[in-house]
Every structure is written in C-alpha cells, then in structure tokens.
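Listed below, chain by chain, are the residues.
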Amino acid sequence: MPLLNRVLQHLELITQAALLLGLVFFAWIEVRKPRTALRADRRARWQTNVTLYVLATVCMLLVFDPLSVQAIRLGGAGGWGGLAATPWPTWVKVLLGVLLIDLLQYALHVAAHHIPWWWRLHKIHHSDTAMDASTAIRHHPLETLVNAFLLVVLLATLGVPVYAILLYAALQQLHSLFCHANLRLPPALEPWLRRVLVTPDMHAVHHSVRMREGNSNFGMVFPWWDRVFRSYCAQPAQGLDGMRMGIAELDEQPQPGLLGLLGLPFGGSRPVQSTAKPQADAARRRRGKR
C-alpha cells in the first residue's frame, strides 16, 4: 500500500498541519463568540503555549517520529497478531481500534494525575489560568515524548490497525482544540452532545484549581470511560462561571513565563490529591495571612 506507507512516513507532519489549521479556526470562533470575555493577557498566553507546542513538535520530529513509524507498522501488520490480525471486517477492526486507543488515552491521562513524576510534567498543561484553544497545545516537551512513547508501545503490542491509528490521530487533534476552546454551545445541545463527546463545559471541570474536581473528566474524545470508571463530574462546586482554573502551587501568583514553565517540573510540587474541604482551604489561607 504505497499511499499508506507515505502517510505513515509523514504522519507527524500531517497531524501537526491539521492541528494548526484547527487552531486558527477555533481562535477565530473564540474571538467572534467567546464563552467568557477575552482576557488582557491572551496574546502572551498564546505566545507561550504556541512556543511550547513548537518545542514539543521539534522533539517529536527529531527524537520520536522515526521510531513511532516502525512501531505502528509492526503493530498493525496483519500477520503479526492482535486486533489487526483478527478475521473481523475492516470497519469493525477500525471502530474497535478507535475505541481502544481512546480507552488507552484515558488510562494514560489518569496515570499522569496520580504518578508524582508524571504529574510534575503534566501540571504545565493545568497551570493555565484560563482555557481556550491554545491550552490544548500547552504541554511540556518531555511529557509529549513520554505520552507518545507509551501509547505507541501499547498500540504495537495490541496490534491496533494502522487505519484506526490514522483516524484517531486526526479526530483527537481536532477534538482537543474543540474541548479546550473558549466557546459556548447552545444550552439545549450541550447536555446531549456530552453523552457522545467530551464538550468544553465538561472538560473545563478538569482544569479546576481544586484537585478533587481536577481529578475528574479524564476522557480525551469520548465521555463514556469517565462514567464507567466513576470519574465523571457534571459541574464544579462553584459553577463554571465561578470556578478558578490552574494549579494550587501557583494559585494567586503571577503566571510563569516560558522558561519558568519548562523548569516547573523540576521544582517543588504539592500532592496530586487534595481532600480538603473549601471551608478548610479558606481557613488555612486566613491563618497564613496572620
């Protein structure tokens, strides 16, 4: 399959091109009809987030892309084993492959919140105190490499078909922009849509500064895993309009710049779990000011 091989050889470039086009589209939508008022620091946030994305992309192209192509081709080989080698119709294998990849992404996302060294990398994504399409690409380059390596090893081991990988890559890139976008869906549509897709309102809860809420809604594209594994949270305690975003260790502090974010994983870190009640949090803040 010459065409498929050519797509595999340029998979990273193709997915990044799709992401850039989607980023421009959602940025335009956000300016026209934002869910919340555009912040004064929007340009600075976008510059930081885009720069992190460029650094991560360079790392992927130079370090990871050659290895990932070979691993995906090995895992998707029809005679190797796993899902790709089953006698089921192609459309069934692709459908199951897409669902399996999304389940794996859910599991990796949960792990990133509960394994301390992994959280140190992932918290750069959560350190954004606002959420818009650029937040989707706000990741530490090392986290991008770790996630990609683990996912490709799992896909190769399970023999996920190449077509499923290509389809999910395009779907996940565009959906990540959508679920982080600063846009308001029609009230009559949003509750129904979140039954089949992770919506911006649903994912916003995941970015709450309160980790009891941040440790919920881990779904990447489909919302079903959160319901099955009981990590679903419909609304934050203070409502979406009253909820603050970010991470506790940077709460009420100036946002770090690019170098600060790159070095953040190697500084101090608070526990990934927070069980304190809101009243206790307020009491501690009052005592700290005395």
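Residues numbered from 1 in each chain as written. Predicted model: local features only at pLDDT ≥ 70, side-chain atom pairs only at ≥ 80, totals over all residues. Heavy atoms only, no water.

Caption draft 1: Inspection of the nonpolar core at higher detail. Counting residues in each nonpolar core, the largest one holds 20 residues, and the members touching the most others are Ile101, Leu155, Val160 and Tyr168. When residues of this core are traced back to their parent elements, those giving at least two are helix 4 (90-114), helix 6 (141-158) and helix 7 (162-180). For this core, the element with the most residues is helix 4, which contributes 8 residues. (Core = buried A, V, L, I, M, F, W, Y, C linked by side-chain atoms within 4.5 Å. Buried < 20%, exposed > 50% of the residue type's maximum accessible area, 1.4 Å probe, protein only. Helix = DSSP H or I, 4+ residues; strand = E, 2+ residues; numbered from the N terminus.)

Caption draft 2: Spatial organisation of empty space enclosed by the protein. For the structure on display, the rule yields 2 cavities of 30 Å³ or more. If you trace the second largest cavity, you find it lined by Ser127, Thr129, Val209, Met245, Gly246, Ile247, Leu250, Asp251 and Gln255. Here the residues of the lining of the second largest cavity are counted per class, giving 4 nonpolar, 4 polar and 1 charged. (1 Å grid on protein atoms, 1.4 Å probe; cavity = no way out; pocket = protein on both sides within 12 Å on 5 of 7 lines; lining within 4 Å. Points joined across faces, edges and corners; volume = space filled by probe spheres on them. Nonpolar A, V, L, I, M, F, W, Y, C, P; charged D, E, K, R; others polar.)

Caption draft 3: Here's a closer look at the packing of aromatic side chains. Considering all chains together, one arrives at 7 aromatic pairs under this definition. With a centroid separation of 6.4 Å and an interplanar angle of 40°, the aromatic rings of Phe25 and Trp28 are classed as tilted. Taken together, the residues span about one helical turn, with Phe25 and Trp28 both in helix 2 (residues 11-32) at a distance of 3 residues. Judged by its relative accessible area of 44%, Phe25 falls in the partly exposed class. Consider the rings of Phe26 and Phe178, whose centres lie 6.4 Å apart with planes at 50°: the pair is tilted. A residue pair is termed long-range when its members are at least 10 positions apart, and Phe26 in helix 2 and Phe178 in helix 7 qualify at 152 residues. On the basis of relative accessibility, which here comes to 11%, the residue Phe26 falls in the buried class. (Phe/Tyr/Trp six-rings, centres within 6.5 Å; stacked < 30°, edge-to-face > 60°.)

Caption draft 4: Expanded view of the packing of helix 4 against helix 7. Running from N to C, helix 4 and helix 7 point in directions that differ by 55°, and their axes come no closer than 8 Å. In terms of orientation, helix 4 and helix 7 fall into the oblique class. Crossing handedness for the pair helix 4 and helix 7: right-handed. Along its contact with helix 4, which presents Val94, Gly97, Val98, Ile101, Asp102 and Gln105, the element helix 7 presents Tyr163, Ala164, Ile165, Leu167, Tyr168 and Gln172. Classifying every residue of the contact of helix 4 with helix 7 by side-chain character gives 8 nonpolar, 3 polar and 1 charged. (Axes fitted to C-alpha atoms, helices over the stretch in contact; angles between N-to-C directions. Parallel < 35°, antiparallel > 145°, perpendicular 65-115°, else oblique. Left-handed = near helix turned anticlockwise from the far one by under 90°. Contact = heavy atoms within 4.5 Å.)

Caption draft 5: Inspection of the pattern of salt bridges at higher detail. Scanning all chains against the criterion turns up 10 salt bridges. Of the charged contacts, one joins Asp41 and Arg39 as a salt bridge, the two residues approaching to 2.6 Å between their closest N and O atoms. With relative accessibility at 27%, the residue Asp41 sits in the partly exposed group. A salt bridge links Glu249 to Lys123; its shortest N-O distance comes to 3.0 Å. Taken together, the residues span a long stretch of sequence, with Glu249 in the loop between helix 12 (239-242) and helix 13 (258-263) and Lys123 in helix 5 (residues 116-126) at a distance of 126 residues. The burial state of Glu249 is the same as that of Lys123; both residues are buried. Taken together, the shared-partner salt bridges connect Arg45, Asp128, Asp132 and Arg138 into one network. (Salt bridge = Lys/Arg side-chain N within 4 Å of Asp/Glu carboxyl O.)

Caption draft 6: Structural context of the layout of surface pockets. By volume, the second largest pocket is sized at about 400 Å³. What lines the second largest pocket is a set of 23 residues, and nearest its centre among them are Thr36, Ala130, Met131, Asn182 and Met245. Elements supplying a minimum of two residues to the lining of the second largest pocket: helix 3 (42-76), helix 9 (200-206) and helix 12. Top element by residues in the lining of the second largest pocket is helix 9. It accounts for 3 residues. Class assignment for the residues of the lining of the second largest pocket results in 11 nonpolar, 3 polar and 9 charged.

Read these as layout, nothing more, since geometry by itself doesn't imply function.
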